[in-house]
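Observations on the three-dimensional arrangement
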Amino acid sequence: MTPSIQREALALLAEVWALSPDVRLGQLFGHLGFLGEAHVGKGLGYIEDDEMIAVLYRHRTELLDRSHGATDQGLKPGDATSVSGSSTLAPTSGD
């Protein structure tokens, strides 16, 4: 990993952590591991650096959307997975 990629990854990690003030660092790593498995198909120890950066960007976007009150309407089901693994899609009236 080049120093510029390292700086990008660490800056993203810091930003994501700042967007989740109630989450401990270990929890955040656990979340990132889950997201890596869900979106890249690899566990935290096996994910490539560029894939981890993509997961961090994706998670940052999700957190920013939530903080701005954005809805998940229009997302594909695979895109609507929260950190907890539960669906972030609003239930339909038939559910």
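Parameters and conventions
Residues numbered from 1 in each chain as written. Predicted model: local features only at pLDDT ≥ 70, side-chain atom pairs only at ≥ 80, totals over all residues. Heavy atoms only, no water. Salt bridge = Lys/Arg side-chain N within 4 Å of Asp/Glu carboxyl O. Helix = DSSP H or I, 4+ residues; strand = E, 2+ residues; numbered from the N terminus. Buried < 20%, exposed > 50% of the residue type's maximum accessible area, 1.4 Å probe, protein only. 1 Å grid on protein atoms, 1.4 Å probe; cavity = no way out; pocket = protein on both sides within 12 Å on 5 of 7 lines; lining within 4 Å. Points joined across faces, edges and corners; volume = space filled by probe spheres on them.

1. Re the pattern of salt bridges
- This model, assessed by the stated rule, comprises three salt bridges.
- The residue Arg-60 makes a salt bridge to Glu-15 at a minimum N-O spacing of 3.1 Å. Of this pair, Arg-60 sits in helix α3 (residues 49-67) while Glu-15 is found in helix α1 (residues 3-18), placing the two residues 45 residues apart along the sequence.
- A relative accessible area of 32% means that Glu-15 is categorised as partly exposed.
- Among the salt bridges present, the one from Glu-51 reaches Lys-42, with a minimum N-O distance of 3.1 Å.

2. Let's talk about the layout of surface pockets
- Taken as a whole, the second largest pocket encloses approximately 200 Å³ of empty space.
- Along its surface, the second largest pocket is lined by Met-1, Gln-6, Ala-9, Leu-10, Leu-13, Phe-29, Leu-32, Leu-44, Asp-49, Met-52, Ile-53 and Leu-56.
- Contributing elements (two or more residues each) for the lining of the second largest pocket: α1, α2 (25-39) and α3.

Don't take any of this as a statement about function, it's just geometry.
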